[in-house]
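# Secondary and tertiary structure notes
Single-letter residue listing:
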Amino acid sequence: MSTRPRLLVVGSPSLDLLHFGGRSARSAGGAGLYTALAAQRVGARVTVVAPRPDPMPPELEPADRLLDWRGPPVPPSALPHFEIEYFPDGRTVYRQAVRGSEGDIRYDDIPDAGPDAFAFVVPLLDPELQLGFARRLSEAGVRVGCGTYAPGIRAHRDVVTQVMEASDYFFCNEEEARLLWGSVDRVRVPAGRVVFVTRGAKGARVVLGDHSIGVPAPEVDEVDPTGAGDTFCGTALARLAAGDHPAIAARVAAVCAAQTVTGIGPTPLLSDDPPPPAPRDDRVRLDDDRIRRVAGVIASAPEAAAFDFTGPDFPEPGDPAALDFFFAGTVQQFGFWHERAGRYEEPMIASLGGRALKGSDYLWAAYRRWARHAPEELSPAGQATLDDAGFDHRLRDDGGHNPLPAGPLHPACARGYGRDMLGLGMTPASVVAEANAAERPRARFLARLDAVGGYKEDPWRKKSSLLAAILSQRPEGFLRLGETEDVPPIVDYHCQRSCLRLGVVSATDETLAAKLAKREVVSADEEEAVRAACYEAVGEIRRLSGRSMGAVDWFFFQNRTRCPEMTVPDCQACPADPACAHRTHLFQPVFRTAAY
């Protein structure tokens, strides 16, 4: 079975005349062509559904060799063609737009997509035709993306709005976003839908329901801006189909779109070179040798064994409330530390039932008590209506107070989780059942959580991945993993502290390194630099060790007892000591977030 993601692209390539920078060029073009080529370049199997010219024009022959092109034969003169002028101030003017055979596309031309397929319907000159394709594909169970264009919005705003509502993923630029919502800052969609707003040199904005995430774009020397937005669409959809979080898919897409504008027409997308990687932050680097050595330790360490999430603070195997417990409880797995005067002060430790419990252990114990006393409140409906006082009551310690340091972030996450689950008509049981019926259960499971408050906000999916590990490792085996699937890296602050001290990642920037050593609060981009590097390092350790992510994660999580926050590390007790750089002065990024 091929593991390459599948993408259908409905929309005809075109033959265009381009004017830019005082020069003109004839080129293959069209949203369908750029989208399809971009998707195949990052690994997707792409089928283009559009009238196929016979004979094939020379400009389109390279693309024809790369793509599965399905559709009725037409003479080359019947292809759509456009004359487009680009101005230095960013304006784009269509001097001529000829629809050609675009209207000859029929739904019957679309092959059976099969399970887990994605499709993109280009912004056709007739928005009604685009709407029809989007609705039919959605009814067939395909995940649908659609684009738009400003003249279409001005002439057919109601239809374009319906196209947006029929799309799982909607793509537009800043001008189009202003036409539809009034401003980029006002872009909102119902739970479960995603809007990508491309912003040129400013990158992109990803809107997941009511939450938005900014994505940067690299600086490049622009030659021909044609197809940048379509390249973004194709790359993002291919990466979504491969299982990426929408914000991670957008990061890859922004880099590929930037490369496209450095050549004329689709030439960069036809290159035999691999697609450009997402840039790394050079303030933090990976140590490949240290990664191999640590992976070697974990490969044989008995401590690297996946935890089954059973015990006195977890539901008994077979407990009917277990799924609600884990879905609602994992949302709250973050922020177990105190800050004072811009520095890390101490970890959270609180007493419950006469036991002094640290962070995550306290949370599980409190939720176990909650599940015994009021299990219905852990359902999505119960979480959606939970107020701050009710949450504080359920999380109270032996002194009657809620000890969680992140305060109102916790009940806000609970309500976001419950409301999005209700808005999507989902329950924990239905999410698991849908995932297990899919060709790639883990990918479907994580994609579903990308639409749910408390989970969707984190592009690195720490809590989503932790929940996937829990459900697959529990005795009930709630979530199955596909033959080639594993849980993604689970990177919390304990993991980051271990990565820095072991030396698998290093802060090469003196300012950042000093903040980590002094336990000072870092900026969002500094935290992102460290966490992204740790995510990559842990993924490599999992791959090289041959162990499951659950086993690797448990090794790092248990390392909190060997290499803790407030006391001298017990290096002799650590299996990784022979491979360790012993940078024990370093600390995890001190940054308040609901992600971990």
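Quick caveat: nothing in here was measured; it's all calculated off a predicted structure. Every chain's residues receive numbers from 1 upward, in the order its sequence appears when written. Per-residue local features are limited, in this predicted model, to residues with pLDDT of at least 70; the limit for side-chain atom pairs, both in listing and counting, is 80 or more; totals at the level of whole chains, interfaces and linings are taken over all residues. Only hydrogens and water are set aside when side-chain values are computed; all heavy atoms of the structure are taken into account.

## Observations concerning the overall build of the protein
Check the secondary structure of the protein and you find 21 helices and 21 strands. For the protein, the C-alpha radius of gyration of 26 Å lies close to 25 Å, the compact-globule estimate for 596 residues. In terms of overall dimensions, the protein has a C-alpha envelope of 80 × 50 × 45 Å along the principal axes. Here's how the labels work: a residue is buried when its accessible area is under 20% of the maximum for its type, exposed when over 50%, partly exposed in between, all with a 1.4 Å probe on protein chains only. Of all 596 residues assigned to the protein, the portion counted as buried reaches 56%. Between two residues, a contact is recorded if the distance between any of their heavy atoms is within 4.5 Å. Long-range contacts, defined here as pairs at least 24 residues apart, represent 69% of the contacts in the protein between residues at least 6 apart. Note on areas: Shrake-Rupley, 1.4 Å probe, and residue coverage restricted to the protein chains presented here. Of the roughly 23,700 Å² of accessible surface on the protein, a fraction of 49% belongs to carbon and sulfur atoms. Here a helix means four or more residues in a row that DSSP labels H or I, a strand means two or more in a row labelled E, and each is numbered from the N terminus. Our radius of gyration is a C-alpha quantity, and the globule rule it is checked against amounts to 2.2 Å times the number of residues to the power 0.38.

## Notes on the sheet that holds strand β9 (residues 92-98)
Sheet strands pair via backbone hydrogen bonds, and the direction of the pair is either parallel or antiparallel. Taken together, the four strands give an open sheet; going across it, the order is β3-β2-β8-β9, and neighbouring strands pair in mixed fashion. Of all strands in the sheet, those bounded by a partner on one side alone are β3 (23-29) and β9. On average, each strand axis in the sheet is tilted by 20° relative to the strand beside it, whichever way the strands run. The criterion for strand pairing is that DSSP finds at least two bridges linking the strands in question. Inter-axis angles, ranging from 0 to 180 degrees, are taken between N-to-C directions of lines fitted to C-alpha atoms, where helices are fitted over the stretch in contact.

## Some remarks on the pairing of strand β14 (residues 204-208)
With five of its five residues buried, β14 lies for the most part within the structure. Every second residue of β14 is oriented toward a common face, with A204, V206 and L208 on one face and R205 and V207 on the other, all of them buried. One ladder, built from five bridges, connects strand β13 (residues 194-198) with β14; its direction is antiparallel. Each residue of the ladder has a partner; that of V195, found in β14, is V207. The loop that links β13 with its antiparallel partner β14 comprises five residues; one of these, G200, has a positive phi angle of about 60°. As paired strands, β14 and strand β15 (residues 211-215) are joined by five bridges and run antiparallel to one another.

## A word on the sheet that holds strand β10 (residues 118-121)
Overall, mixed pairing links the nine strands, which are arranged β6-β4-β1-β10-β11-β12-β13-β14-β15 in an open sheet. Single-partner strands in this sheet number two, and they are β6 (68-70) and β15. Strand-to-strand twist of the sheet, defined as the mean angle between neighbouring strand axes without regard to direction, takes the value 20°. Alignment of strand β11 (residues 143-147) against strand β12 (residues 169-173), held across three bridges, turns out to be parallel. Bridge pairing links G145 to Y169 in β12. The sheet contacts of helix α7 (residues 228-242) involve β1 (6-10), β10, β11, β12, β13 and β14, and relative to β12 the element is tilted by about 155°. The sheet strands contacting helix α8 (residues 246-260) are β13, β14 and β15, and the helix crosses β15 at an angle near 25°.

## Points about the environment of F120
Tracing the backbone shows F120 in strand β10. Its relative accessible area of 0% is what places F120 among the buried residues. It is 9.6 Å that separates the C-alpha atoms of F120 and F133, two residues lying 13 residues apart in sequence. Those residues in contact with F120 that lie beyond four places of it in its chain are L7, L8, V9, V10, T35, G145, C146, G147, F171, C233 and L237.

## Details of the packing of helix α1 (residues 31-41) against α7
Packed helix pairs are characterised by how far apart their axes lie and by the angle those axes make with each other. Viewed as axis vectors pointing N to C, α1 and α7 meet at an angle of 40°, and their least axial separation amounts to 7 Å. Here α1 is positioned oblique relative to α7, judged by the angle of their axes. The handedness of the crossing between α1 and α7 is right-handed. Taken together, the residues of α7 that come into contact with α1 (itself represented by A31, Y34, T35, A38 and A39) are D230, T231, C233, G234, T235 and A238. Angles below 35 degrees are treated as roughly parallel, those above 145 as roughly antiparallel, those between 65 and 115 as roughly perpendicular, and all remaining angles as oblique. By definition, turning the near helix anticlockwise from the far helix through less than a right angle yields a left-handed crossing, and turning it clockwise yields a right-handed one.

## A look at the side chain of R440
Take R440: it is sitting in the loop between α15 (428-436) and α16 (441-449). Leave out the neighbours within four places in its chain, and R440 touches D116, A241, A242, G243 and E485.

## Section: the nonpolar core
What tends to happen in soluble globular proteins is that the nonpolar side chains get buried as a cluster. Among the buried residues, those of types Ala, Val, Leu, Ile, Met, Phe, Trp, Tyr and Cys that are joined through side-chain atoms within 4.5 Å form a nonpolar core. Core analysis: the biggest nonpolar cluster contains 97 residues, and F326, F327, F445, L471 and V505 have the highest contact counts within it. A total of eight residues in this core trace back to one element, the largest contributor, which is helix α11 (residues 359-373). In contact with F327, not counting residues within four places along its chain, are Y417, M421, P428, V431, V432, F445, L449, Y455, L467 and L471.

Note that every value here comes from positions in space, so none of it alone points to a role or purpose.
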